[in-house]
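What follows is each chain in one-letter form.
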Amino acid sequence: MSPVASQLIGREAELQRLRAAWSRGGSVQVVRGPAGIGKSRLVRELGNLAAARGAVVLGGRSTVRAVPLQPVHEALLGAARRGLRPPDELAPFVPALARAVPEWGHARSPGEASNLMLAEALLRFLSSMSAGPASLLVLEDVHWADAETLTVLDHLAAYVAGSPVLVVLTRRDGARGPGAQLADDLVARRHAEELRLAPLGPDAVLTLARSCLGPGQDVPGEVVEPLVQRSEGVPFVVEELMAAAEVSGWDSVAAAVPGSIMASVEVRLDELSADARRLLAAAALLGRSFDWQVAAEAAALPEAGDAPALRQAVEHQLLDVDVARYRFRHALTRDAVAALTPPAERQRLARRALELVRAGPGGTETCLAAADLAGIAGLAGEAAGLLLQAARLAVASGALDSAGDFARRAAELVPGQEPARRAEIDHVRLEIAVQAGWTDQARQLARSLLAAPDGTAAKADVHLLAGRAELAAGRWDNARHHAQAARALAPVEVGQGARAAALLAQAAMGEDDVATATHHARLALESARATGQVEIQCEALEVLGRAARGRDVASAEQAFSEALRIASDHGLALWRVRALQELGTIDMFTDLELGHLTQARIEAEAMGAVAVLAVVDLQLAAVYDERGELGAALDAARRCESASRRYGLSTLTMSLVVQGMVHARRADRQEMDRVVTAAMATGDDPHYVEVGVFGNVVPIYHLVVGDLDAAGEALERSMAGIRRRPAAVVPVPGLWALVRTLTSEDRGAPARREVARLPFDTPVSRLTLEVAEAVARGRAGDAGAAAARFGAVDDELARWGSFRRWLHRVVVAPAAAADGWGQPEAWLRETVAWCDRAGLAVLGDRCRAVLRDIGSPVPRRNRSVATPLPPALARLGVTPREAEVLALVATGVTNREVAQRLVISVRTVDKHVERLLAKAGTDRRGLVALARETGAVRT
């Protein structure tokens with residue numbers, strides 16, 4: 001008799017449905033049913049079919065111990081064992097995949113790891129492995145999955161549509177917990193399809209039973225009805241009853257309790273030797289798959305006595321051999337063996353096994369196994385310690401959800417009469433809660449720990465941790481309270497003093513109290529230097545730079561540059577990217593260069609820092625927008641929006657605002673209103689959104705279409721918000737002063753004075769204020785001063801390549817013409833030509849209208865300004881001039897030769913190439929390939 005049926009019986013329709021889903025790809029299928037119904041056999045059959053047709057098939061299984069990411073890591077390790085590797089185009093995702101397969105590359109540290117990035121990397125890896133047939137990922141027993149695996153599954157389900165990947169999950173009926181809930185939620189949200197396996201009918205039961213028999217054998221007629229009734233149509237029970245019949249005869253089938261595995265297992269256990277029974281009892285404590293040597297030693301088998309015992313268990317169809325390990329045929333078999341072992345015997349075996357497991361290799365799974373054994377052995381305190389150790393290991397690997405669960409379970413095992421032990425556990429739980437951003441839990445744990453009789457240093461640490469949680473929640477007052485409480489405790493360690501100062505600096509910055517933030521950031525930096533806390537140094541320098549950039553750009557740049565140096569010297573990849581990104585903000589305020597932001601984007605993508613990558617894309621979008629490269633700006637903002645929605649990031653709102661800025665410049669009112677409405681609907685930081693929308697979006701639209709009064713109304717609303725938070729650094733005040741100068745009865749003098757007194761402002765805003773002063777001088781009859789001021793600003797913005805240069809010209813030209821200063825006709829004609837090249841038809845028409853109003857000839861719209869760009873280049877936001885440079889670069893000439901042929905400077909060519917590299921996200925060889933693919937090669 002075979003231990004299992006020789007073929008899949010009674011599941012033809014279900015298999016066909018899964019095959020159809022696999023041939024389509026792009027979906028998640030949840031196969032569910034009671035234990036033993038045949039879920040694993042069905043998906044195994046699907047995997048065999050897919051593999052036979054050349055598909056990549058990966059699989060993993062969750063266990064009742066819920067080891068972090070175990071099924072995902074099993075799947076990826078299986079790929080590595082088959083010699084598969086991520087292709088070159090997945091290089092940015094290799095650090096995430098290397099968490100499971102170190103041989104593929106360098107994994108990032110836990111603080112830089114992201115389970116969402118791992119999910120995205122897994123999806124892209126599976127997609128890249130599909131060469132025709134869809135790749136298949138099978139993750140079994142999802143009801144036992146750990147929190148990190150559930151994060152991965154949720155992401156896969158949300159984004160698998162359209163990919164050549166099928167994900168199949170198995171879920172047991174009756175199981176409860178987060179994994180079972182997620183499977184149900186995915187089906188309810190229509191992110192997954194459910195396939196329920198029903199019990200087999202009588203004919204299928206009989207066919208299944210016969211397939212377990214050898215040639216020439218059949219099920220006796222008098223056994224058929226009991227077999228159908230006792231098995232209740234569950235395939236595994238059918239096989240178990242057949243196994244019992246082989247050992248004890250057909251009468252055992254009729255005697256079995258309906259649907260019971262216990263009876264079948266008990267029959268076969270009775271046929272084993274005492275050594276084999278003791279070995280199985282010990283093995284059942286170790287898990288479904290177990291180390292047989294540990295089980296044999298725990299069972300105190302005589303030397304060389306394990307082999308016969310294992311052989312008996314396999315022959316009686318209680319165990320299978322799984323590669324180099326033995327495993328129970330089914331989780332139900334293991335449960336039955338454990339339940340049939342007397343409690344005293346289980347406790348004795350557990351104590352012995354605990355000693356052996358503790359002496360073996362460490363790791364999260366080992367700690368969890370040892371904790372289970374300690375619990376069975378009645379050693380609750382030791383079980384709590386092992387769970388706490390597992391929690392610390394999980395934190396070190398970045399598995400914060402699992403770490404929190406392990407620490408919570410440890411706390412449940414420690415009675416209230418052990419306050420010191422409970423405080424140790426709760427302190428670990430607080431650390432986890434702070435790292436994970438569980439602010440409510442952190443507050444509750446901190447309150448409990450602060451009420452306990454403990455040392456001042458420990459209480460100071462609790463205050464600092466609690467303050468970090470409050471900082472993450474944006475509760476600046478509470479964060480400041482905890483930092484002050486930590487500093488008030490004596491003696492406070494010097495290292496804690498640095499952390500407290502950094503916390504106070506961040507809280508003050510959150511409230512736009514720049515002076516206080518600067519004071520505490522300097523104290524934090526000094527203390528951190530004395531104690532060698534390099535991350536605190538980077539944090540303090542970041543605060544100092546942010547505080548200075550609205551009033552002293554040079555100081556801000558110096559602070560960010562020092563943070564970059566420290567991070568680079570000490571291998572702090574995340575802080576290095578943050579420093580590059582902050583230096584990019586300086587570029588955004590000064591010369592609109594892309595170097596720092598481009599490098600930050602490359603490094604953020606390579607390390608899988610999705611949140612920082614979204615911020616960099618947001619800033620790139622703002623720079624492109626300010627330079628008038630609106631296609632590239634929209635692409636970058638949409639990348640940020642996509643990532644923000646995909647990963648639940650706080651950058652979503654501002655990504656929509658920046659898109660509104662682009663649509664405003666294009667005078668696309670419908671799209672502008674759509675994204676502005678969406679931005680306001682998020683509810684995130686409504687004050688800052690209002691300042692941005694009514695300062696950078698709505699008024700620009702009105703200025704483009706020529707409605708100064710409407711622009712002024714919007715700017716008034718934005719300025720009201722700025723007055724409430726005067727440290728906000730936005731390019732609004734100068735534009736408000738300019739519009740007031742052009743439209744108000746007081747000629748804008750009070751507005752210009754107010755803006756000039758602002759302690760914090762941007763260079764763009766200050767330049768626009770200079771334009772307002774030029775208009776005021778012109779109205780006062782000082783034509784020379786007006787022209788000089790305006791010309792200086794115009795030249796500066798020309799050096800930047802700023803969109804505002806052209807906007808200033810259109811807005812100011814009527815006043816300049818009326819007051820007799822400057823060259824308004826020449827400004828407008830140049831602006832018309834630029835608008836035609838940039839595709840800004842509405843702004844170009846506005847220029848023509850102003851020319852008409854001032855009595856100048858109106859140039860016709862030039863419909864042949866430039867050869868139409870290939871669509872692929874247009875989507876990247878490549879300008880016509882950049883396309884010319886690209887075409888020459890593709891021929892292999894140097895930048896100097898490109899400059900000679902186009903009669904421009906080498907520095908200008910360098911900038912064009914730099915922008916092309918940023919927009920295409922590639923290197924110079926990639927630019928050559930891009931030119932050839934798009935037909936842009938110049939002959």
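Scroll up for the structure.
Predicted, not measured: the structure shown is a model, and the values here were computed from it.

Re the nonpolar core
Soluble globular proteins: nonpolar side chains tend toward being buried together.
Now for step 1: In terms of nonpolar packing, the biggest core is built from 180 residues, with Leu76, Phe125, Leu137, Leu169, Leu738, Val812 and Trp821 touching the most fellow members.
Now for step 2: Among the elements that take part in this core, helix H31 (residues 610-626) stands out by supplying 11 residues, more than any other.
Now for step 3: One finds Leu8, Trp22, Val237 and Ala338 within the second-largest nonpolar core, a separate group that totals 104 residues.

Topic: the sheet that holds strand E7 (residues 319-322)
Paired through backbone hydrogen bonds, the strands of a sheet run either parallel or antiparallel to each other.
Now for step 1: Taking strand neighbours across the sheet as the criterion, the three strands line up as E6-E8-E7 in an open arrangement whose pairing is antiparallel. The open sheet terminates on both sides in strands that have one partner only, identified here as strand E6 (289-290) and E7.

Looking at the environment of Arg846
Now for step 1: Structurally, the position occupied by Arg846 is in helix H43 (residues 841-853).
Now for step 2: Remark: the alpha-carbon pair of Arg846 and Arg925, spanning 79 residues in sequence, is separated by 42 Å.
Now for step 3: The residues contacting Arg846, other than those within four sequence positions of it, are Val704, Val705, Gly706 and Val810.

Remarks on the pairing of strand E8 (residues 325-328)
Now for step 1: Across two bridges, E6 lies against E8 in antiparallel orientation. What sits directly across from Phe290, in E8, is Tyr326.
Now for step 2: Relative to E8, E7 is paired through four bridges, and the arrangement is antiparallel. Across the sheet, the residue bridging to Asp320 is Arg327, located in E8.

Examining the environment of Ala436
Now for step 1: The residue Ala436 is located in helix H21 (residues 419-436) in this model.
Now for step 2: Sequence-wise, Ala436 and Phe694 are 258 residues apart; in three dimensions their C-alpha atoms are separated by 35 Å.

Thoughts on the pattern of salt bridges
It is possible for side chains of opposite charge to pair when their charged atoms get near one another.
Now for step 1: Summed over the entire model, instances satisfying the criterion amount to 66 salt bridges.
Now for step 2: Between Glu239 and Arg329 there is a salt bridge, and its shortest N-O distance comes to 2.9 Å. With Glu239 in helix H10 (residues 235-248) and Arg329 in the loop between E8 and helix H16 (331-340), the pair connects residues that are 90 residues apart, well separated along the chain. The same class applies to Glu239 and to Arg329, which are both buried.

Topic: empty space enclosed by the protein
Now for step 1: Counted under the stated rule, the structure contains two cavities of 30 Å³ or more.
Now for step 2: Reported here for the second largest cavity is a volume of approximately 40 Å³.
Now for step 3: The wall of the second largest cavity is formed by Cys538, Glu542, Phe560, Ala563, Trp575, Arg578, Ala579 and Glu582.
Now for step 4: Looking at the lining of the second largest cavity, the elements that each hand over two or more residues are helix H27 (534-548), helix H28 (553-569) and helix H29 (573-590).
Now for step 5: Looking at the lining of the second largest cavity element by element, the count peaks at four residues for H29.

Things to note about the packing of H28 against H29
When two helices pack together, their arrangement is given by the angle between the helix axes and the distance between those axes.
Now for step 1: One can describe the packing of H28 onto H29 by two numbers: an axis separation of 8 Å at closest approach and a directional angle of 160°. By the criterion of interaxial angle, the relationship of H28 to H29 is roughly antiparallel. Between H28 and H29 lies a crossing of left-handed hand. Together, Val553, Ala556, Glu557, Phe560, Ser561, Ala563, Leu564, Ala567 and Ser568 of H28 and Trp575, Arg576, Ala579, Leu580, Glu582, Leu583, Thr585, Ile586 and Thr590 of H29 make up the contact between the two elements.
Now for step 2: Broken down by class, the residue content of the contact of H28 with H29 amounts to 11 nonpolar, four polar and three charged.

Focus: the packing of aromatic side chains
Now for step 1: As enumerated under the stated definition, the model contains seven aromatic pairs in all.
Now for step 2: Each ring, one from Phe790 and one from Trp821, has its centre 5.9 Å from the other, and the planes form 65°; the classification is edge-to-face. Here Trp821 lies in the loop between helix H41 (803-819) and helix H42 (824-838) and Phe790 lies in helix H40 (residues 783-800), a separation of 31 residues in the sequence. Taken as a pair, Phe790 and Trp821 share a single burial class, namely buried.
Now for step 3: Members of the aromatic cluster, joined through ring pairs, are Phe790, Trp821 and Trp827.

Looking at unusual backbone geometry
Now for step 1: Residues other than glycine seldom take positive phi values, yet Gln317 does so here, at roughly 60°.
Now for step 2: A residue is classified by how much of its surface remains accessible, and Gln317, at 3% relative accessible area, is buried.
Now for step 3: For Asp512, which is not glycine, the phi dihedral falls at a positive 60°.
Now for step 4: Residue placement: Asp512 occurs in the loop between helix H25 (494-510) and helix H26 (514-531).

Quick notes on the rules
Residues numbered from 1 in each chain as written. Predicted model: local features only at pLDDT ≥ 70, side-chain atom pairs only at ≥ 80, totals over all residues. Heavy atoms only, no water. Core = buried A, V, L, I, M, F, W, Y, C linked by side-chain atoms within 4.5 Å. Buried < 20%, exposed > 50% of the residue type's maximum accessible area, 1.4 Å probe, protein only. Helix = DSSP H or I, 4+ residues; strand = E, 2+ residues; numbered from the N terminus. Pairing = 2+ DSSP bridges. Contact = heavy atoms within 4.5 Å. Salt bridge = Lys/Arg side-chain N within 4 Å of Asp/Glu carboxyl O. 1 Å grid on protein atoms, 1.4 Å probe; cavity = no way out; pocket = protein on both sides within 12 Å on 5 of 7 lines; lining within 4 Å. Points joined across faces, edges and corners; volume = space filled by probe spheres on them. Axes fitted to C-alpha atoms, helices over the stretch in contact; angles between N-to-C directions. Parallel < 35°, antiparallel > 145°, perpendicular 65-115°, else oblique. Left-handed = near helix turned anticlockwise from the far one by under 90°. Nonpolar A, V, L, I, M, F, W, Y, C, P; charged D, E, K, R; others polar. Phe/Tyr/Trp six-rings, centres within 6.5 Å; stacked < 30°, edge-to-face > 60°.

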